[in-house]
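Structure assessment
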Amino acid sequence: MPLVLAAGLVLVLAAVGIAVVRPGPVADWLGDGSAGRDTPSPAAEPAPVAVLAGADANAPMPTPEGVRAALAPLVDVPALGDRVHVSVADVTTGQPLFGRGEDDGTVPASVTKLVTGVTVLAARGPAYRIPTRVVAGAAPGEVVIVGGGDPTLAVDKNGFYPGAARLDDLAGQVRDALAGTKPTKVTVDSSLYSGPLFEPGWDDDIPTGGYGGAITALMTDGARSDVTRAKKDAAAGNHWAERVTQPDLAAGRAFARLLGLPAGAVARGTAPAATTASATGAPGPGAELGRVESLPMVRLVDIMISDSDNIIAEALARQVALARNEPASFVGAGAAMDAVAGELGLPADELTLADGSGLSRSNRISPSLLTDLIALAGAGSRPELAAIFGGLPVADWSGTLADRYETAATKAGAGVVRAKTGTLTKVHAIAGLVSTADGRLLTFAVLTDAVPPDGLTAARGALDRIGAALAGCGCR
């Protein structure tokens, strides 16, 4: 997976004019500890096969008049409702090319994840890994598992997320640290997060609807209750999965089983402050007994965007909060992401976030903020932000765009539109990149939040025609 992702990043970053190759920053972000060291050179990796059309930095830029002529008839269609907000800009220069309500806050649905990805990469850095720790408890025989917010933590090698940190590794470390002393109790400390488990702006069916769930600082496999089935479904393109109702306790009970303890030996609590070792040399209360760390942030962002993983998105939003000393809650995460967006020079007054996934109808994002964000990520001044591009679905190829851009009216966008989509009832959105017929790379965002409830298919087709129009014209 590191080699595949590195190759994908090189392709994507090259497309937006950023030269990043291994060894170097990408290798470090992916956990390649040999980067920059005096180690034997590995065999040359084969050149990756390009699946996306490359952008031409010298291609002529569309004119605002040309873009308006191409898009105006496609924006004013009944299928998109009466609140259609659009922004189109040139990636290289950042120059706006078309706008329609471009500065108006609109319910964004899952395109929110682009903001979550950029802000967590800025706040934490692409190499950051989320820890899960175990410390000695205050009582004899007690061990405390402390959730750090890693939603991908697995129980064992059969976890949902490849390469994730594992509880069985953690249990082995604890057994070694206790030197044969068998623990008698597991305390689950998920106090890192505060506030409600579900965002109040979520629709009533989201907590049990298979795409959301309770957000706790300790969980395994994104809180999926049946990992084997979830893996099979995901391989078939279905990311719905039943979630456990108490993810932290479920993880604690799985950890207890690995230590040979029954479920009754598990309870919630908090870790004691660290103290010195006892006179016998045994670990004192609060002493660390084991630690595992998540995949690096660059890979978590990639998974979040490519799979539109809502649980990962909420965990990453809380990492922004923690990095900015805000409460690790829905409210704290929203405030922190807004602050980081402002630090990046984005129009934070056009951003209101109640969650990091886009499930909340309380979110508001303007299309122009999204195009500004994408242009910033592609400008090269902050190369770590370009990691958001690696997971973007490709039209008629991957992710949520795999079965779109297939009609005669939209085929021009196949393979050259790369974008994050968003869908809630009455809300349909898309934001990403497109190469014009001349090879000029543009960023575009179309957000609608007043579509008829039964208009999903028609709205998606209308959005795809907008992307295809940009792909099929020079717009000059």
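Scroll up for the structure.
The structure reproduced in this document is the subject of the present report.

Here is what the cut-offs are and how they apply
- Residues numbered from 1 in each chain as written.
- Predicted model: local features only at pLDDT ≥ 70, side-chain atom pairs only at ≥ 80, totals over all residues.
- Heavy atoms only, no water.
- Core = buried A, V, L, I, M, F, W, Y, C linked by side-chain atoms within 4.5 Å.
- Buried < 20%, exposed > 50% of the residue type's maximum accessible area, 1.4 Å probe, protein only.
- Helix = DSSP H or I, 4+ residues; strand = E, 2+ residues; numbered from the N terminus.
- 1 Å grid on protein atoms, 1.4 Å probe; cavity = no way out; pocket = protein on both sides within 12 Å on 5 of 7 lines; lining within 4 Å.
- Points joined across faces, edges and corners; volume = space filled by probe spheres on them.
- Nonpolar A, V, L, I, M, F, W, Y, C, P; charged D, E, K, R; others polar.
- Axes fitted to C-alpha atoms, helices over the stretch in contact; angles between N-to-C directions.
- Parallel < 35°, antiparallel > 145°, perpendicular 65-115°, else oblique.
- Left-handed = near helix turned anticlockwise from the far one by under 90°.
- Contact = heavy atoms within 4.5 Å.
- Expected span 1.5 Å × (residues − 1).
- Disulfide = S-S within 2.5 Å.

**Looking at the nonpolar core**
Generally speaking, nonpolar side chains in soluble globular proteins are found buried as a group. By size, the foremost hydrophobic cluster in this structure holds 60 residues, and its most contacted members are Val 301 and Ile 388. Put simply, the parts of the chain that give this core at least two residues each are helix H4 (112-124), helix H6 (227-235), helix H8 (297-307), helix H9 (310-323), helix H10 (330-343), helix H11 (367-379), strand E11 (427-435) and strand E12 (441-448).

**Focus: empty space enclosed by the protein**
In the structure shown here, the tally under the stated rule is two cavities of 30 Å³ or more. Every residue lining the largest cavity is listed: Tyr 211, Arg 224, His 239, Arg 243, Asp 307, Ser 308, Asp 309 and Asn 310. Considering only residue class, the lining of the largest cavity consists of one nonpolar, three polar and four charged. A volume near 40 Å³ is recorded for the second largest cavity. Lining the second largest cavity, in full, are Gly 149, Asp 150, Pro 151, Tyr 193, Ile 215, Thr 216, Ala 217, Leu 218, Met 219, Ile 311 and Ala 315.

**Details of the packing of helix H3 (residues 64-75) against helix H12 (residues 456-472)**
One can describe the packing of H3 onto H12 by two numbers: an axis separation of 10 Å at closest approach and a directional angle of 165°. In terms of orientation, H3 and H12 fall into the roughly antiparallel class. Crossing handedness for the pair H3 and H12: right-handed. Residues Val 67, Ala 70, Leu 71, Leu 74 and Val 75 of H3 form the contact with H12, whose own contacting residues are Arg 465, Ile 466, Ala 469 and Leu 470. Per-class residue counts for the contact of H3 with H12 are eight nonpolar, no polar and one charged.

**Looking at helix H7 (residues 247-258)**
Compared with the 16 Å implied by 1.5 Å per residue over twelve residues, the 17 Å span of H7 between its first and last C-alpha is a close match. All of the buried residues in H7 are Pro 247, Asp 248, Leu 249, Ala 251, Gly 252, Ala 254, Phe 255 and Ala 256. Looking at the buried positions of H7, the neighbouring elements they touch are strand E3 (131-136), strand E4 (142-146), helix H5 (167-178), strand E5 (185-189) and strand E6 (266-268). Taken from the residues just after H7, Gly 260 is the one with a positive phi, measuring 80°.

**With respect to the state of the cysteines**
Summed over the entire model, instances satisfying the criterion amount to one disulfide. Disulfide partner of Cys 473: Cys 475, at an S-S distance of 1.7 Å. Under the relative-accessibility criterion, Cys 473 is labelled buried at 16%.

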